[in-house]
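What follows is the residue order along each chain.
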Amino acid sequence: MKLLVLGPTGKTGGHLLTQALDAGHDVTALARTPGKITISRPRLRVVQGDALDAASIEAAMPGHEAVLSALGVASRGPTTVYSQGVANIQAAMQATGVRRLICISSGGIEIGPQVPIAQRLVIRHIVQRVYRHPYADMRRMEDALQAGPLDWTVIRAPMLTDGPRTRDYRFSSDRPLPDQSKISRADLADFILTHLTDTATYRTRVDISN
């Protein structure tokens with residue numbers, strides 16, 4: 001497929017690039033700082049752009065079949081990277097007829113009924129307070145996708161690690177996943193790329209874990 005990847009210079013984005021190219025996809029990486037992408041492959045095109053710059057996304061969008069968003073923020077302060085970035089992506093996709101979009105969110109924004117009471121208290125009183133601003137923006141992103149017409153999938157990832165790609169992970173669509181604790185970025189990228197055309201995941205929120 002012809003894939004447009006946003007957030008390609010992050011750790012998850014890097015795995016998406018290499019795994020997509022290894023699988024034979026044609027990849028366009030849209031990066032604020034293209035020089036941070038150090039790999040050079042025949043099927044890779046690197047363009048300068050920013051998720052918060054609608055014009056750069058609109059310019060890069062034509063000709064692609066799917067968009068993969070590995071957007072993220074390092075700060076815990078207020079942000080619009082998720083909501084405004086995806087709003088720009090949605091607008092460009094609708095203008096060019098591209099329908100498939102996969103985004104990464106966080107499992108911490110919602111506490112499932114299966115979560116043990118001790119873990120529930122930690123998430124509610126510590127994790128959700130510390131990350132309240134990014135989580136609030138992720139919710140805005142998810143709500144906008146829900147209201148829109150695209151074939152989206154939101155992956156609510158748990159703690160991300162730098163472990164290897166094992167392909168040994170569990171996932172569930174629109175229902176709680178027991179014992180969701182962590183997943184390697186390599187396995188997260190593997191799931192994304194192996195479910196590009198899985199219609200069962202269209203317009204769903206996916207919980208995932210090793």
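Higher on the page you've got the structure.
Conventions used here
- Residues numbered from 1 in each chain as written.
- Predicted model: local features only at pLDDT ≥ 70, side-chain atom pairs only at ≥ 80, totals over all residues.
- Heavy atoms only, no water.
- Helix = DSSP H or I, 4+ residues; strand = E, 2+ residues; numbered from the N terminus.
- Rg over C-alpha atoms; globule rule 2.2 N^0.38 Å.
- Contact = heavy atoms within 4.5 Å.
- Areas by Shrake-Rupley, 256 points an atom, 1.4 Å probe, with all protein chains shown as cover.
- Lys, Arg positive; Asp, Glu negative; His and termini not counted.
- Charge placed at Lys NZ, Arg CZ, Asp CG, Glu CD.
- Core = buried A, V, L, I, M, F, W, Y, C linked by side-chain atoms within 4.5 Å.
- Buried < 20%, exposed > 50% of the residue type's maximum accessible area, 1.4 Å probe, protein only.
- Pairing = 2+ DSSP bridges.
- Right-handed = clockwise from strand over helix to strand, strands pointing away.

Engineer: Whenever I open this one, the overall build of the chain confuses me. Can you help?
Structural biologist: When its secondary structure is counted, the chain shows six helices and 10 strands. Compactness check: the chain gives a C-alpha radius of gyration of 16 Å against a globular reference of 17 Å for 210 residues, within 12% of the reference. When the backbone C-alpha atoms are referred to their principal axes, the chain occupies close to 50 × 35 × 35 Å. Counting only contacts in the chain whose residues sit at least 6 apart along the sequence, the fraction spanning at least 24 positions is 67%. Here the chain has roughly 10,000 Å² of accessible surface; of this, 52% comes from carbon and sulfur atoms. In the chain, which carries 25 positive and 19 negative side-chain charges, the distance between the mean positions of the two groups comes to 5 Å.

Engineer: Could you clarify how one ought to interpret the nonpolar core in this entry?
Structural biologist: The tendency in soluble globular proteins is for nonpolar side chains to be buried as a group. Core analysis: the largest hydrophobic core is formed by 28 residues, its most contacted members being Leu-16, Leu-68 and Ile-192. Contributing elements (two or more residues each) for this core: strand 1 (2-6), helix 1 (11-22), strand 2 (26-31), strand 4 (66-69), strand 5 (100-106), strand 6 (151-157), helix 6 (185-194) and strand 10 (204-209). Excluding residues within four positions of it along the chain, Leu-16 makes contact with Val-5, Leu-68, Ala-70, Ala-189, Ile-192 and Leu-193. The next biggest cluster of nonpolar side chains, apart from the first, holds 27 residues, and it includes Ile-57, Ala-60, Met-61 and Met-93.

Engineer: What is the right way to read the pairing of strand 5 from this model?
Structural biologist: Where a strand is regular, its side chains alternate between the two sheet faces. Burial runs high along strand 5: seven of the seven residues are buried. Here strand 5 shows no split at all, with Arg-100, Ile-102, Ile-104 and Ser-106 on one side and Leu-101, Cys-103 and Ser-105 on the other all buried. As paired elements, strand 4 and strand 5 share four bridges and run parallel to each other. Considered in strand 5, the bridge of Val-67 is made with Leu-101. Remark: the strand 4/helix 3 (residues 81-96)/strand 5 crossover connection has right-handed handedness. Sheet analysis places strand 5 next to strand 6, joined by seven bridges and oriented parallel. By the bridge assignment, Ser-105 is partnered in strand 6 with Arg-156.

Engineer: Help me understand unusual backbone geometry in this model?
Structural biologist: Glycine aside, a negative phi is what most residues show, and trans is what most peptide bonds show. Backbone geometry at Arg-167 places phi at a positive 60°, although glycine is not the residue there. Structurally, the position occupied by Arg-167 is in the loop between strand 7 (159-161) and strand 8 (170-173). According to the relative accessible area criterion, Arg-167 is exposed, its value standing at 55%.

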